[in-house]
Amino acid sequence: MRICVVGAGYVGLVTAAVIAGLGHQVSVVENHPAKLAVLRRGETPIYEEGLPSLVKDNFRDGRLTFTDDIGAAAEKAEAVFIAVGTPSQADGSPDMASFYAVRDALCQLPYRSNAGRRLAVVKSTVPIGTGDALHHFFQKNAASRSWQVISNPEFLRQGTALYDTYNADRIIIGTEEEDAAHLLMKIYAPLGRPVLLVDRRSAEMIKYAANTFLAAKISFINEIACLCEQVGADIGAVARGMGMDARIGHAFLRAGIGFGGSCFPKDLHALLSTGQEAQLQLPMITAVAAVNHNQNLLLPRFLSELYGDLQGVRVCLWGLTYKPGTDDTRDAPALAVLAELTGRGAQVTAYDPQVKACWLVKQQFPAVAIAHDSYEAAARSEAIILLTEWPEFAHLNWNRLRHQVKRPLVLDGRNCLDGSVVEAAGFSYAGIGQKRYSLKRLQARTGSAEMGVALS
Ligand code: UDX
């Protein structure tokens, strides 16, 4: 089949490469000139495990092509996958400008009597009712009446996007038009994944509800972690014990500094904005966002309390991306941490294995220095805060670091370091909700002679 994918972000490019790999002819529309130039060399403008070789192979074999001409690409296609961004606006509602631009472009395609039915497959996360509205929009216009709209939300995670696509727990197909559903099922059939057929609005809601539920699990475990600190329980043990209940499961019970990324925060706020429009209070979802906001700021606030004042204090941040395995810093907890630390006058040096010169960080925090490695970032620091659990942080030479820092303090926002190893090298260490290495214990020891010596 001839397929067009609009948008070469994480969702669009992964979808395009996977579908091309299934043997289809895929034309990807990308209107960002720098990105398009990279793609037209057969290269990948985003960091995602396994994606560069899949893109390269399909590009070389001529199954994957790139263009900025949506009209030409869509006109020949039997199915157009819409995977453009719908970022949050100031009021939390998604910005639909790119989506509407695609809609208008599809509507302007010349009428072809022999075109047959054509699929508009919505992969972008869009407000509930968007698919139905698109369907009615197409129906109003004789030339676009051949388009059939399907809501087909995407559940891939950045960092494991290809794995998630090949091993999807389910493929949601939202349409009441049977022939359209069958055509899309035919495209996905070689993946052999379970399919759930629903109406368009339910498909759109499934995406929001699933993401919000996962975010709720994280905020829940983080709230329990804070309580563990106070009552002397250990969040690792608690999460393991909870997760062994098959009704709860182990996934998304890792306590830390909270979630970020291009999906969870955006989708939470979009759902809240939908609630507002429907004049419905959504207290649980409101709480999930509020708990996460506090959790993002937990460590800089703790540090500020510990030291009394952060003016001129040198702080090292390890990790800027919202999770390992990606170069994405959108809505990363690191941005909230940077704002809090720099707002309190701290001098921050950060290191991230994938973020070397991030415009988002540079533009918002011009005074923040970006180091080339963990050691350079930690040099002369008075506190190290770990924000992303990149595997390399678990294999550092702590004795070497101990000689480089000014004050030996490590705050582990992802509970990914071995506290006994870090403390054996002479550091003071605390994680989040850890019984043995709680923030409370660290705070209690600050006044003690032992801690005074250690931190001086
Ligand atoms: C998420 C959804 O998982 C995916 O289905 C959807 O399509 C897009 O949004 P993604 O944002 O790429 O994917 O990453 P995910 O692995 O879900 O992590 C999101 C955030 O939650 C990260 O900041 C991560 O550090 C945090 N997280 C995750 C936790 O703090 N604890 C956990 O137990 C799991």
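Turning next to the domain arrangement of the protein. Often, the extent of an interface is quoted as the loss of accessible area on bringing the components together. Looking at the protein, the domain boundaries give domain 1 (2–198), domain 2 (207–293) and domain 3 (297–454). Measuring from the centre of the C-alpha atoms in domain 1 to the corresponding centre in domain 2 gives 30 Å. Between domain 1 and domain 2 the total buried area reaches about 1,000 Å² when both faces are included, carbon and sulfur atoms providing 58% of it. Seen at the junction of domain 1 and domain 2, the total is zero salt bridges.

Time to look at the packing of helix 9 (residues 200–231) against helix 12 (residues 283–296). Packed helices, taken two at a time, are described by the angle between their axes plus the distance between the axes. Two elements in contact, helix 9 and helix 12, have axes whose closest approach is 9 Å; the angle formed by their N-to-C orientations is 55°. One element, helix 9, and the other, helix 12, form an angle in the oblique class. Taken as a pair, helix 9 and helix 12 cross one another with a handedness that is left-handed. On helix 12, the residues touching Thr212, Ala215, Ala216, Ser219, Asn222, Glu223 and Cys226 of helix 9 are Ile285, Val288, Val291, Asn292 and Gln295.

This next bit is on the site of the ligand. Among the 19 residues in the neighbourhood of the ligand, the closest are listed as Phe155, Leu156, Gln158, Arg254 and Tyr322. A distance of 2.8 Å separates an oxygen atom of the ligand from a polar backbone atom of glutamine 158. At 3.3 Å from an oxygen atom of the ligand is found a main-chain nitrogen or oxygen belonging to leucine 253. For the ligand, whose unbound accessible area comes to 670 Å², protein coverage reaches 96%. Here the shell around the ligand takes three residues from helix 9, the largest share from any one element. Tallied by class, residues from the shell around the ligand come to nine nonpolar, four polar and six charged.

Inspection of the entire model under this criterion finds 22 salt bridges. Of the charged contacts in the structure, one is a salt bridge between arginine 445 and glutamate 423, with a shortest N-O distance of 3.8 Å. Of this pair, arginine 445 sits in helix 19 (residues 439–446) while glutamate 423 sits in helix 18 (residues 419–424); the two residues are 22 residues apart in sequence, bridging distant segments of the chain. Assessed through its relative accessible area of 16%, arginine 445 is described here as buried.

With that settled, consider the side chain of glutamine 434. As for its position among the elements, glutamine 434 is in the loop between strand 14 (428–430) and helix 19. The residues touching glutamine 434, leaving out its near neighbours within four places in the chain, are Glu229, Asp234, Ile235, Asn415 and Tyr429.

Attention now moves to the pairing of strand 7 (residues 171–174). Side chains Ile171 and Ile173 of strand 7 all project onto a buried face; the interleaved residues Ile172 and Gly174 project onto the opposite face, where all are buried too. Of the pairings in the sheet, the one linking strand 7 to strand 8 (residues 195–198) comprises four bridges and is parallel in character. Within the sheet, the bridge partner assigned to glycine 174 lies in strand 8 and is valine 198. A crossover connection joins strand 7 to the parallel strand 8 through helix 8 (residues 178–188); in handedness this β-α-β unit is right-handed.

Running from N to C, helix 12 and helix 13 (residues 298–307) point in directions that differ by 45°, and their axes come no closer than 4 Å. As summarised for this structure, helix 12 and helix 13 are arranged oblique, according to the angle between their axes. Residues Asn294, Gln295 and Asn296 of helix 12 form the contact with helix 13, whose own contacting residues are Leu298, Pro300 and Arg301. Grouping the amino acids of the contact of helix 12 with helix 13 by side-chain chemistry returns two nonpolar, three polar and one charged.

This part is about the pairing of strand 4 (residues 79–82). The alternating pattern of strand 4 places Ala79 and Phe81 on one face and Val80 and Ile82 on the opposite face, and all of these are buried. In the sheet, strand 1 (residues 2–6) pairs with strand 4 via four bridges, with the strands oriented parallel. Within the sheet, the bridge partner assigned to valine 5 lies in strand 4 and is phenylalanine 81. With four bridges joining them, strand 4 and strand 5 (residues 118–122) adopt parallel strand pairing. Looking at the pairing, alanine 79 lines up with leucine 119 of strand 5.

Conventions and cut-offs
Residues numbered from 1 in each chain as written. Predicted model: local features only at pLDDT ≥ 70, side-chain atom pairs only at ≥ 80, totals over all residues. Heavy atoms only, no water. Domains from an automatic or database assignment. Buried area = accessible area lost by both parts, 1.4 Å probe. Salt bridge = Lys/Arg side-chain N within 4 Å of Asp/Glu carboxyl O. Axes fitted to C-alpha atoms, helices over the stretch in contact; angles between N-to-C directions. Helix = DSSP H or I, 4+ residues; strand = E, 2+ residues; numbered from the N terminus. Parallel < 35°, antiparallel > 145°, perpendicular 65-115°, else oblique. Left-handed = near helix turned anticlockwise from the far one by under 90°. Contact = heavy atoms within 4.5 Å. Near = heavy atom within 4 Å. Polar contact = N/O pair within 3.5 Å; in protein donor to acceptor, adjacent residues only side chain to side chain. Areas by Shrake-Rupley, 256 points an atom, 1.4 Å probe, with all protein chains shown as cover. Nonpolar A, V, L, I, M, F, W, Y, C, P; charged D, E, K, R; others polar. Buried < 20%, exposed > 50% of the residue type's maximum accessible area, 1.4 Å probe, protein only. Pairing = 2+ DSSP bridges. Right-handed = clockwise from strand over helix to strand, strands pointing away.

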